[in-house]
Amino acid sequence: MTKYLEAPVAVVTGGGGALGAIIGRVLAEDGFQVVLVDRDRAAVEAVAEEAAPPGRPPVALAADVTEAAAIETMVGEVGGRFGRLDVVVNSAGIERVHALETMDESDWDLTMDVNVKGPMLLSRAAVPFWRKQGSGAVVNISSRAWSGGSANTAYASSKAALVGLTTAMAVELGPLGVRANAVAPSFVLTPFNRQRTDIDNLAKMVERYTAFTPLRRLVEPVDVANAVAFLASERARNITGEVLHVCAGSQLPPVVGEP
Ligand SMILES: NC(=O)c1ccc[n+]([C@@H]2O[C@H](COP(=O)([O-])OP(=O)(O)OC[C@H]3O[C@@H](n4cnc5c(N)ncnc54)[C@H](O)[C@@H]3O)[C@@H](O)[C@H]2O)c1
């Protein structure tokens, strides 16, 4: 089997999804050997095939990020194929909308498992590589919802917990030369939002977000990917424990009373 020992290796979860796919593409353009991981094998294989740049095609692997054994097996395969693991991007995520009063416990648990436990499991599995290599980086895809203003209880809680995980890892793993950061996008038009609403409502959401956002435009998937690529790169070598909002300014609360 071919070994690309010269290229740093980036594992991107949710690689079969909209943001994971483009994050993988931008990281590949930046010289990473990309491994796309998703529980949806068909989706992740299709993305890898479509992306395939000449020279260093991305590898597609199927794994459910909530299952420790599946993560260990997947990371073992990455180690076997490439001999290293440099960057972890945790983009796999789900959203289940319930009011607190009628919160479905199994949806709450699943949201926490995918959005928080998954990133912890994969980061944990990467530590032996980072320890050996003396460097590494993790970029967690949180959400604008992490910092307040969202009534989407389970999702907002999970994305805030993911920021907590990010800052804790930054402190714990810093002495190993490992950086941990989060990217917090606002609404991006991807199939993700179909989990909570229909097409008509999506069109209204786009209008509302655009009107409310200081830059008066929607965040595009590539904007998120560029932020991830920066945080994964040596250019960000002294940046850790941060949350980079990719929100076109919508993370800034309007001043109460101003028109
Ligand atoms: N799209 C947005 O508006 C938006 C905004 C802010 C943050 N985010 C975050 O960005 C991330 C990616 O969003 P997207 O728009 O690409 O969504 P998407 O639905 O297109 O992709 C998510 C991917 O995660 C995979 N996945 C779900 N559960 C999994 C599991 N248990 N194991 C492995 N893979 C699993 C899905 O199969 C899917 O391919 C998510 O974490 C989401 O919370 C999205």
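All values reported here derive from a predicted model rather than from experimental measurement.

**Quick look at the site of the ligand**
Logical step 1: In the vicinity of the ligand, 28 residues are found, and the nearest of them are Leu 19, Asp 38, Tyr 155, Val 188 and Thr 190.
Logical step 2: Interatomic distance of 2.8 Å between a backbone N/O atom of Val 188 and an oxygen atom of the ligand.
Logical step 3: Compared with its free state, where it exposes 830 Å², the ligand has 93% of that area covered by protein.
Logical step 4: Breaking the shell around the ligand down by element, the ones donating at least two residues are helix H1 (18–29) and helix H5 (153–173).
Logical step 5: Grouping the constituent residues of the shell around the ligand by class yields 13 nonpolar, 11 polar and 4 charged.

**A look at the sheet that holds strand S3 (residues 59–62)**
Logical step 1: Spatial strand order, S3-S2-S1-S4-S5-S6-S7: 7 strands in an open sheet with parallel pairing. In the strand order of this sheet, the two ends are held by S3 and strand S7 (243–246), each with one partner. Strand-to-strand twist across the sheet, computed as the mean angle between neighbouring axes with direction ignored, equals 20 degrees.
Logical step 2: When strand S1 (residues 9–13) meets strand S4 (residues 87–90), the two strands line up parallel, connected through 3 bridges. Bridging from a neighbouring strand, Val 12 pairs with Val 89 of S4.

**Comments concerning the packing of aromatic side chains**
Logical step 1: For the coordinates displayed, the defined rule picks out 2 aromatic pairs.
Logical step 2: Relative to Tyr 209, the ring of Phe 187 lies with its centre 4.8 Å away and its plane at 20 degrees, an arrangement referred to as stacked. One end of the pair, Phe 187, is in the loop between strand S6 (178–185) and helix H6 (199–212); the other, Tyr 209, is in helix H6, and 22 residues separate them in sequence.

**A short note on the nonpolar core**
Logical step 1: Ranked by internal contacts, the top residues of the largest apolar core, which has 35 residues, are Val 35, Met 74 and Val 78.
Logical step 2: Every element with two or more residues in this core is listed here: S1, strand S2 (33–38), S3, helix H3 (68–82), helix H4 (105–133), H5 and S6.
Logical step 3: In terms of residue count, H4 provides more of this core than any other element does, 8 residues in total.
Logical step 4: Contact partners of Val 78, with chain neighbours within four places excluded, come to Val 9, Val 11, Val 35, Leu 61, Gly 83, Arg 84 and Leu 85.
Logical step 5: Of all hydrophobic cores here, the second largest spans 32 residues; its members include Leu 19, Val 219, Ala 229 and Val 246.

Here is what the cut-offs are and how they apply
- Residues numbered from 1 in each chain as written.
- Predicted model: local features only at pLDDT ≥ 70, side-chain atom pairs only at ≥ 80, totals over all residues.
- Heavy atoms only, no water.
- Near = heavy atom within 4 Å.
- Polar contact = N/O pair within 3.5 Å; in protein donor to acceptor, adjacent residues only side chain to side chain.
- Areas by Shrake-Rupley, 256 points an atom, 1.4 Å probe, with all protein chains shown as cover.
- Helix = DSSP H or I, 4+ residues; strand = E, 2+ residues; numbered from the N terminus.
- Nonpolar A, V, L, I, M, F, W, Y, C, P; charged D, E, K, R; others polar.
- Pairing = 2+ DSSP bridges.
- Axes fitted to C-alpha atoms, helices over the stretch in contact; angles between N-to-C directions.
- Phe/Tyr/Trp six-rings, centres within 6.5 Å; stacked < 30°, edge-to-face > 60°.
- Core = buried A, V, L, I, M, F, W, Y, C linked by side-chain atoms within 4.5 Å.
- Buried < 20%, exposed > 50% of the residue type's maximum accessible area, 1.4 Å probe, protein only.
- Contact = heavy atoms within 4.5 Å.

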